[in-house]
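# Close look at the chain arrangement
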Amino acid sequence: MSETSNTAAAAVEPSVTFADFGLAPEILRALSDQGYVHPTPIQAQAIPVVLQGRDVMGAAQTGTGKTAGFSLPIIQLLLAHANSSMSPARHPVRALVLTPTRELAVQVADNVKAYAQHTPLRSTVVFGGMDMKGQTTILKGGVEIVIATPGRLLDHIEQKNVSLAQVQMLVMDEADRMLDMGFLPDLQRIINLLPKKRQNLMFSATFSPEIKKLANSFLQQPVLIEVARSNATADKVTQIVYKVEDEQKRDVVEFLIRQRELKQVIVFSNTKIGASRLSRHLEQTGIKASAIHGDKTQQERMAALDAFKRGDIEVLVATDVAARGLDISDLPCVINFDLPYNAEDYVHRIGRTGRAGASGDALSVYSDKDERLLADIEKLIKQSITRGELNGFVVRGRGRDAERGERGPRSERGERGERSERGPRRSDGERNERSERGPRSYGAGALPRREKVDPWFLKPYEPSNSAPRQDSNPGTGAAPAKPKQKIAALLGGLPKQAQ
DNA sequence: AAAAAAC
């Protein structure tokens, strides 16, 4: 929904409104229902071009208002060319939107449904991981607009649940992602089933040679719409990286969440198992968290996303399933628990914050072995990322002797402890004992006893040592690895098992 | 080296 936020556009072209595009009253009503008046830059560019019937190659990330940029004119065109004599039972598919991930399909579909709510147009979403029956019933009942992930759509086509013979408009959303995910053969199979004469819209966050090739083969004299520089990070996003020991990463993530009192944050993990573990850890320390990744059932994925959007959970720990496309409004912060292997994924991940003109923070933790990944990222975004210091970071004792509470950076926030009533899962039964003793502060307790780690007694990290930054990494402009050295020193003679 | 997507 934030995709149609007018903040960014208002700064650019305050005078332009959706009404200026000659959109149908039903569409304008739907927009005003949601309080949207001014188009974002990409909407201002895309809507007139799509209305002209031109093919479009759009370089835009999610959060720029892309979805409304194509769905509003699609609805308008379908309405304008509606065959009024058509019986309600016969609603052939006339617009098809393909997306790489299921969650993105759902979001696009939600937006389309909202924009078309006052029109007779029907839309539906089709994606895997769910029973086919409900989708089949709706498809057979007839819909003008289908939003789908490719695999399941082909499944429905093979089962003759849907025909694409009447499709006039095709949208390939997040086309770069679809290529990355190996959807090209599926895309080709689907496109072969479409009428030759149709309008094509392709959106991609990046402009790789492969994307250009895809555009050349599928689009006809496309109008190029480019809103953000490709591969550029939103300048509204403050980026900080923290160098720590590997085994500290999860504690630092927890610390950052508490220190900044983050109530809506996505934490990215490179692995599904890592996401689950981190989520469980955060839950055990009283932070409302859920994991979302490809090994979760579709029900779990949707439940986690819904809970996050509702604010029932504060932290969504995600793999790159959520890196692109997820439109979660007004995310103030994203955290990388792992630096992504693919530098481009970094851009997509941090694109979840600083959306639609708002500012945001992108925080990353990394360890010595990730220096190369960080260098790749900085090379891609053509800027050096601020090296952060973990002021006030205290790793508390992990044993029963550890003192806690009175010194911790969040020691005053005893109310955190109450959250643990939600508590660890049943299988973690014995870990409940500490939380039942009442409020506790950051870092204490509720740790799985399988942790054979020795107690870590760390003092607060003093900012006083942060003075000269240029000596450690000469030439790169990068800041030295001070935080890590400091913490390593504080760790004393503990065995390091990293690498 | 890992993630996503059809059954």
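Note that the coordinates shown come from a computational prediction; the quantities given were computed from them, not determined experimentally. (Residues numbered from 1 in each chain as written. Chains lettered and ligands numbered in written order. Predicted model: local features only at pLDDT ≥ 70, side-chain atom pairs only at ≥ 80, totals over all residues. Heavy atoms only, no water.)

### Regarding the protein's contact with DNA strand B
As a matter of local geometry, DNA strand B sits amid 19 residues, with T149, R152, G294, R301 and Y341 nearest to it. For DNA strand B, the backbone makes up 80% of the atoms found within 4 Å of the protein, where backbone means sugar plus phosphate. Within the backbone of G129, one N or O atom sits 3.2 Å away from a phosphate oxygen of DNA strand B. Residue N270 places a main-chain N or O atom 3.2 Å away from a sugar or linking oxygen belonging to DNA strand B. It is helix α7 (residues 150-158) that provides the largest number of residues to the surface near DNA strand B, a total of 3 residues. Looking at side-chain class alone, the surface near DNA strand B contains 5 nonpolar, 9 polar and 5 charged residues. (Near = heavy atom within 4 Å. Polar contact = N/O pair within 3.5 Å; in protein donor to acceptor, adjacent residues only side chain to side chain. Helix = DSSP H or I, 4+ residues; strand = E, 2+ residues; numbered from the N terminus. Nonpolar A, V, L, I, M, F, W, Y, C, P; charged D, E, K, R; others polar.)

### Brief notes about the UniProt feature "domain: DEAD-box RNA helicase Q" (unreviewed entry) in chain A
Within this numbering scheme, the UniProt entry marks residues 16-44 as carrying the feature "domain: DEAD-box RNA helicase Q" (unreviewed entry). Secondary structure content for residues 16-44 is 45% helix and 0% strand, and the end C-alpha separation is 8 Å. (UniProt positions renumbered as here; feature names shortened; annotations may be inferred.)

### Some thoughts on the environment of L256
Examined against the element boundaries, L256 turns out to sit in helix α11 (residues 249-259). Taking relative accessible area as the criterion, L256 reaches 0% and is therefore assigned buried. Excluding residues within four positions of it along the chain, L256 makes contact with Y242, L262, I335, L363, V365 and L390. (Buried < 20%, exposed > 50% of the residue type's maximum accessible area, 1.4 Å probe, protein only. Contact = heavy atoms within 4.5 Å.)

### Focus on α7
Taken together, the buried positions of α7 are occupied by P150, R152, L153, L154, H156 and I157. Phi for K160, located one or two positions after α7, is positive at around 60 degrees.

### Examining helix α15 (residues 371-381)
By the burial criterion, the buried members of α15 are L373, L374, I377, E378 and I381. Projected down its long axis, α15 carries its buried residues within an arc of 135 degrees, all on one side. Seen from the open side of α15, the exposed residues pointing more than 90 degrees away from its buried face are R372 and K379. Once α15 finishes, K382 follows within two positions and takes phi at roughly 55 degrees, a positive value. (Arc of directions from axis to C-beta.)

### Examining the pattern of salt bridges
Tallied over the entire structure, the rule returns 19 salt bridges. Of the charged contacts, one joins E371 and K243 as a salt bridge, the two residues approaching to 2.3 Å between their closest N and O atoms. In this pair, E371 sits in helix α15 while K243 sits in strand β8 (residues 237-243), placing the two residues 128 residues apart along the sequence. With a shortest N-O distance of 3.2 Å, K272 and D295 are connected by a salt bridge. Placement of the pair is K272 in helix α12 (residues 272-284) and D295 in the loop between β10 (289-292) and α13 (298-310), with a sequence separation of 23 residues. One salt-bridge network, held together by shared partners, links D246, K249, D338, K369 and D370. (Salt bridge = Lys/Arg side-chain N within 4 Å of Asp/Glu carboxyl O.)

### Regarding the side chain of K243
Classification of K243 by relative accessible area gives buried; the value is 5%. A polar contact of 2.3 Å, which involves the side chain of K243, links it to the side chain of E371.

### Observations concerning the sheet that holds strand β14 (residues 386-387)
Overall, parallel pairing links the 7 strands, which are arranged β10-β11-β9-β12-β13-β8-β14 in an open sheet. Two strands lie at the open edges of the sheet, namely β10 and β14, each paired on one side alone. Both strand β12 (residues 333-336) and strand β13 (residues 360-366) contribute to a ladder of 4 bridges, which runs parallel. By the bridge assignment for β13, I335 is matched with L363. (Pairing = 2+ DSSP bridges.)

### A few points about the packing of aromatic side chains
According to the stated counting rule, one finds 3 aromatic pairs in the structure shown. Aromatic pair F255 and F393: ring centres 5.2 Å apart, planes at 70 degrees, arrangement edge-to-face. You can see F255 sitting in helix α11 and its partner F393 sitting in the loop between β14 and α16 (432-436), a full 138 residues away along the chain. Here F255 matches F393 in class, with each residue buried. The cationic tip of K249 hangs over the ring face of F337; the distance from NZ or CZ to the ring centre is 5.2 Å. (Phe/Tyr/Trp six-rings, centres within 6.5 Å; stacked < 30°, edge-to-face > 60°. Lys NZ or Arg CZ within 6 Å of the ring centre and 35° of its normal.)

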